[in-house]
Amino acid sequence: MARTLPDILRCDWPVEAEAPPPATARALERAAAILRRGGLVAIPTETVYGLAADALDEEAVAGIFRAKGRPASNPLIVHVSDVAMARSLAASWPAAAAAITARLWPGPVTVVVPRGPRIPDIVTAGGPTVALRCPDHRLARRLIEVAGTPLAAPSANRSEAVSPTTAHHVLAGLGDKVGLILDGGPCGRGIESTVVDCTTTPPRILRPGPLTREKLETVVGGPVEWPAPAAAGSASAAAARSPGQQARHYAPRTPLEMAGDGTRRAGDLLDAGHRVGLVTTRSDDPAIRALAARRELLVVPMPADPDAYARMLYATLHALDQRDLDAIVVEEPPATEPWKAVHDRLRRASA
Ligand code: TXA
Ligand code: MG
C-alpha cells in the first residue's frame, strides 16, 4: 500500500548562513529527486505555499491539476530561480517585464509574457502567454536550482479553498495528495502575488497582491492599469485574460460575508441563534466589546495595517473554519488602494 500521509520536513536556514544546514540540504535533495521523476512537492514561498511539479514535464503538471481538482482552463504560474531562467521560457521580453523583474524580483509579483516553446500547453491552458515568478524565499529558489528545472506551482490547496500559509494548512487540505511537504515556516506575505500582464501597453494588473499599483508604476516608469470596471464581473474579458479569477475563490467552508457594519450584522445573526465569528480591526470598540460578552460570538482582532492584515488573513480563516461556526462576518476594510488585495480576497471568499 502506498503511504497516504505525507512527510513534513522542517527546513531551517538561519538568515546569516550562506548555505543551508545539512538537514535542510538533504530535504532539498529529496524534494528535487521527487520533482525530477515527475512527482509533486509542497513548497513554501513568501506569499502562500505552492504545490510544485517540473514545469517542463507535461505528465507531472497534469498531477497538479488532479490533486487540486483544478479545471484545465486555469493556467499555472511557473517559478524560476532568477531572471535568466525566466527569459529562457519567454518568446520575448517586454519592457515592463524587464523593469519589474530587474527591480522587484525576487518578490511577490508575477509577470505574464509571451510564451516560449519549452513551456508545455498544459501549463498555459493552451494560451499564448506564460506567467513567471521568482519567489522571495531561499528554499524555493534553492529547490529550483537543485532540481535544475522551473517549477509550475499553484497555491497548495484544493481548487476554490483558502490558500495555505503554513505547512499544516497544506497537510489539512491536500495531505492525501502530496508525498512531501517542505516546512519553511509561516509565509511572510500571506496572500498570493500580484499578477501583471506585460503583453499590453500599458501593463495591466490581473490580480491585486502584495505589490501595489503605485509601486509597479514607479518601477515601470509609466501607468499600470486595473482591468476596465466593466470587466470586473465574472463572465468578463478580465476573467478570460486571467482564467483563474473566477468570482468564488479562497473560500472557507463556513459561510463568510463582508459587512459594512460588522457589529450590527453579527448582532443580528446572534439574535437569530447562530454561532458567529467576527473579524475586525476595531476589537476595542465599546459596541464590539459589549457584543463580545455573548457566548456564541468569537471576536478575532486584526491589525489595522493592510500588509499585516494580509499576512494573517488566511491563517485566520483556516482557524475560524475549525470552530464549527454558522457564519463568519468580516468587517469591510477601507476601499483604498493599499487594501485592494485584501478586499479582492474577501470579496471572492464571500461570493
Ligand atoms: O503567490 C502566488 O502567486 C502563488 C505562489 C504559490 O507562487 N501561486 C498562485 O498560483 O497563487 P495560483 O495558481 O493559485 O494562481 C495563479 C493565477 C491564476 O489567477 C491564473 O489564472 C493566473 O495566475 N495565470 C496563470 N497563468 C496565466 C497566464 N498565462 N495569463 C494570465 N493569467 C495567468
Ligand atoms: Mg490559488
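Residues numbered from 1 in each chain as written. Chains lettered and ligands numbered in written order. Predicted model: local features only at pLDDT ≥ 70, side-chain atom pairs only at ≥ 80, totals over all residues. Heavy atoms only, no water.

### Overview of the sheet that holds strand β7 (residues 151-152)
Strand pairing in a sheet relies on backbone hydrogen bonds. The paired strands run either parallel or antiparallel. Spatially, β1-β8-β2-β3-β7-β4-β6-β5-β9-β10 is the arrangement adopted by the ten strands of the open sheet, whose pairing is mixed. The strands lining the two open edges of the sheet, one partner per strand, are β1 (7-10) and β10 (204-207). Where strand β3 (residues 50-54) lies against β7, two bridges are found, and the strand directions are antiparallel. Paired with alanine 53 across the two strands is alanine 152, which belongs to β7. Docked against the sheet, helix α7 (residues 167-174) engages β1, β2 (41-43), β3 and β8 (180-183), running at close to 160° with respect to β8. (Pairing = 2+ DSSP bridges. Helix = DSSP H or I, 4+ residues; strand = E, 2+ residues; numbered from the N terminus. Contact = heavy atoms within 4.5 Å. Axes fitted to C-alpha atoms, helices over the stretch in contact; angles between N-to-C directions.)

### Section: the pairing of β10
Inspection of the sheet shows strand β9 (residues 194-197) paired to β10 by three bridges, in the antiparallel sense. When the bridges of β10 are listed, valine 195 appears paired with arginine 207.

### Points about unusual backbone geometry
Of the consecutive residues tryptophan 105 and proline 106, the connecting peptide bond is found in the cis state with omega at -10°. By the secondary structure assignment, proline 106 is in the loop between α4 (95-104) and β5 (109-114). With an omega dihedral of -5°, the bond running from threonine 201 to proline 202 counts as a cis peptide bond. Tracing the chain through its elements places proline 202 in the loop between β9 and β10. Unlike most non-glycine residues, alanine 125 shows phi in positive territory, near 55°. Within the secondary structure, alanine 125 is located in the loop between α5 (121-124) and β6 (129-133). Overall, the relative accessible area of 32% leaves alanine 125 in the partly exposed class. A positive phi is found at glutamate 160, a non-glycine position, where the angle reads about 80°. By the element assignment, glutamate 160 lies in the loop between β7 and α7. Classification of glutamate 160 by relative accessible area gives partly exposed; the value is 34%. (Buried < 20%, exposed > 50% of the residue type's maximum accessible area, 1.4 Å probe, protein only.)

### Details of the packing of aromatic side chains
Evaluated as defined, the whole model comprises two aromatic pairs. On the basis of an interplanar angle of 15° and a centroid distance of 6.1 Å, the ring pair of tyrosine 250 and tyrosine 314 is categorised as stacked. Taken together, the residues span a long stretch of sequence, with tyrosine 250 in the loop between α9 (237-241) and β11 (256-259) and tyrosine 314 in helix α12 (residues 306-321) at a distance of 64 residues. Since its relative accessible area comes to 1%, tyrosine 314 is described here as buried. Between tyrosine 309 and tryptophan 339 the ring centres are 5.1 Å apart and the planes differ by 80°, which places this aromatic pair in the edge-to-face class. Of this pair, tyrosine 309 sits in helix α12 while tryptophan 339 is found in the loop between β14 (327-331) and α13 (340-349), placing the two residues 30 residues apart along the sequence. For the residue pair tyrosine 309 and tryptophan 339, the accessibility class agrees, reading buried in each case. The residue whose ring lies beneath lysine 340 is tryptophan 226, and the NZ or CZ to ring-centre distance is 4.3 Å. Directly above the ring of tyrosine 250 sits arginine 345, whose terminal nitrogen or CZ lies 5.3 Å from the centroid. (Phe/Tyr/Trp six-rings, centres within 6.5 Å; stacked < 30°, edge-to-face > 60°. Lys NZ or Arg CZ within 6 Å of the ring centre and 35° of its normal.)

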